[in-house]
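# Structural description and commentary
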Amino acid sequence: ELYRPVAAEGSMLFFLIIQLCYIEHMYQYSLESFVGFLYKAIDRTEATDDLEDRSKRLISKIRITIFTWVNRGLFENHKLIFCSMLTFKLFGQGQLAEDFSPSYMNYLMRAPNVIGAENPLADWLPNKCWGLILKLCELEGFDNFGTNMEKDAPSRFKEWFNELTPEDAKLPLDWKRLDSVPFQKLLVIRALRPDRMCGALGNWIRQILPNGRDYMDCDGSSSFRIILQNSFEDSTSTTPIFFILSPGADPVKEVEAMGKKLCNLQSGTNYWNVAMGQGQDVIAMAKLDIGHREGHWVMLQNIHLMPKWCIELEKKLDVFAVENSHPDFRVFLSADPSRGIPIGVLERSIKLTNEPPQGMLANLRRSFALFSKEDFEDKDAKVKSILFALCHWHAIMLERKKFGPMGYNMKYPFSAGDLRDSAQVLYNYLEGSSSVKIPWDDLRYIFGDIMYGGHIVDDWDRIMCSKYLLYFMKDELLDELEMIPY
């Protein structure tokens, strides 16, 4: 009976993740794959003789293991949704520190509005927000909120409303007590500043969920190479690794680099890379048969281009599972999101995405994690400074994309590959030079007009890119430079 909560946790997690397919067809998970990771979590849990403590450790390990497995295969704009689904489920079960109220949750989810009500604060408050406030006042504990806003301290509420990050600022009057019940503060933000809900919800999850930071910032400081290696350790000869592609993503180089490190991978010997297209289906099947018998790695790129053949691929993988493949056999698949990919292929695979994380700090960490500590420490001090500035600039270029037309006039597929190639050019350029003076003009041209500039086709975007480089790539960088150019 002491292990019953562990079983309940497993059941809750499984029925949670199978709902993700409503968001995106690619998010398919089978019970067999789930049970496999459940056993892995049990094996990784620290042993203890205290059964109650053992049960708590199992729940914690199972939760983070399943979450990490699923989270790595989600696009960035869906990760907060998944984390919120998990947190709200635990919140509703009474497993978190705050008390759960169905009426509060209903307000947060549905945001009911009073339409047509006269807005007494129309000079600074949108009419829709006032309608939301009137509905908020109907909830227990918020009876006087509208009156306080309208009559008691409208100027102080206006100051809070105009804050850049209102979720971090205390509310006026007695409402500052909501800092001790952060879920109720979320309701106020939902009514007055819905544009800040994603940030506020993320902060609430970090605060309320046990080890919440591990969930919200999952793999935030890890490079894609590290994530791929960890996923490879979880894979088997019957579990393909499936890369869900996004603009600018190219997992092939990372797979080949990992293979050379692990098993002296050589193309044409123990590694086969097939780019799917017309006439490639026969070649792909032949390479799969060879890999299955002899333990080779097989990479099939862009399988979404051949949806009918994917059904044959699913049958082939079923046969391999029955026949017991060579233990070293691995299949790597890549595809754009597509409904043409069979559910059976998706369910059995470990799914990975390679999108830049959301947030300037997370982007900077991921960019810097692209370079191993050993390689970085071997470099000259000047190269280290320029490389860090390059990572910072790369993070800015990626982060601007989320602002749409305010960030760029057109969409550009900047990726980690641009940063990696730019760093390699930097090493080659400076390490082969005996000059004391750093050729800043040359570096700015290489980074801004060739490496990243190759993507940019709009003149104004090119000017913006060069202005950032003018700030970062100069002599002051080698001394002390404020890294935020605004």
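Let me sum up the structure you'll find in this document.

Rules and cut-offs
- Residues numbered from 1 in each chain as written.
- Predicted model: local features only at pLDDT ≥ 70, side-chain atom pairs only at ≥ 80, totals over all residues.
- Heavy atoms only, no water.
- Patch = residues over 30% accessible without salt bridge, like charges linked within 9 Å, V, L, I, M, F, W, Y side chains within 5 Å.
- Areas by Shrake-Rupley, 256 points an atom, 1.4 Å probe, with all protein chains shown as cover.
- Salt bridge = Lys/Arg side-chain N within 4 Å of Asp/Glu carboxyl O.
- Lys, Arg positive; Asp, Glu negative; His and termini not counted.
- Charge placed at Lys NZ, Arg CZ, Asp CG, Glu CD.
- Helix = DSSP H or I, 4+ residues; strand = E, 2+ residues; numbered from the N terminus.
- Buried < 20%, exposed > 50% of the residue type's maximum accessible area, 1.4 Å probe, protein only.
- 1 Å grid on protein atoms, 1.4 Å probe; cavity = no way out; pocket = protein on both sides within 12 Å on 5 of 7 lines; lining within 4 Å.
- Points joined across faces, edges and corners; volume = space filled by probe spheres on them.
- Contact = heavy atoms within 4.5 Å.
- Axes fitted to C-alpha atoms, helices over the stretch in contact; angles between N-to-C directions.
- Parallel < 35°, antiparallel > 145°, perpendicular 65-115°, else oblique.
- Nonpolar A, V, L, I, M, F, W, Y, C, P; charged D, E, K, R; others polar.

To continue, consider a negative patch on the surface. A cluster of acidic residues, Asp475, Glu476, Asp479 and Glu480, forms a negative patch on the protein surface. For Glu476, the position within the fold is in the segment after helix H22 (459-472). Assessed through its relative accessible area of 43%, Glu476 is described here as partly exposed.

Our next topic: empty space enclosed by the protein. Following the criterion strictly, the structure yields 2 cavities of 30 Å³ or more and no others. When its volume is computed, the largest cavity comes out at roughly 90 Å³. What lines the largest cavity is Asn71, Arg72, Glu76, Lys79, Asp219, Phe224, Ile227, Leu352, Thr353, Asn354, Glu355 and Arg366. At the level of elements, helix H4 (76-92), helix H12 (224-234) and strand E5 (350-353) are the ones that each hand at least two residues to the lining of the largest cavity.

Within helix H9 (residues 182-192), 10 of the 11 residues are buried, which leaves the element mostly enclosed by the surrounding structure. Of all the positions in H9, only Pro182, Phe183, Gln184, Lys185, Leu186, Leu187, Val188, Ile189, Ala191 and Leu192 are classed as buried. Packing partners of the buried residues in H9 comprise H4, helix H5 (102-110), helix H6 (127-136), helix H7 (145-152), helix H8 (154-161) and helix H10 (197-208).

For the pair helix H14 (residues 280-294) and helix H15 (residues 307-323), interaxial distance at closest approach is 12 Å and the crossing angle is 10 degrees. Between H14 and H15, the angle is such that the two are roughly parallel. Along its contact with H14, which presents Asp281, Ala284, Met285, Leu288, Asp289 and His292, the element H15 presents Trp309, Glu312, Leu313, Lys316, Phe320 and Glu323. In terms of residue class, the contact of H14 with H15 is built from 6 nonpolar, 1 polar and 5 charged.

Another point: unusual backbone geometry. The residue Leu173 is not glycine, and still its phi comes out positive at about 55 degrees. Here Leu173 shows up in the loop between H8 and H9. The class for Leu173 is partly exposed, based on a relative accessible area of 24%. Positive phi outside glycine occurs at Asn211, with the angle close to 55 degrees.

Another aspect to go through is the pattern of salt bridges. For the structure shown, the criterion picks out 21 salt bridges. Note that Arg420 is salt-bridged to Glu254, the shortest N-O span being 3.2 Å. Remark: Glu254 occurs in helix H13 (residues 252-263) and Arg420 occurs in helix H20 (residues 416-431); sequence separation between them is 166 residues. Given a relative accessible area of 8%, Glu254 falls into the buried group.

A few words on the layout of surface pockets. The volume enclosed by the second largest pocket comes to roughly 370 Å³. Looking at the second largest pocket, it is lined by 17 residues, and the ones nearest its centre are Glu32, Ser33, Thr238, Thr239 and Arg348. Elements with a minimum of two residues in the lining of the second largest pocket: helix H2 (31-44), H15 and helix H16 (343-348). A per-element tally of the lining of the second largest pocket places H2 first, with 5 residues.

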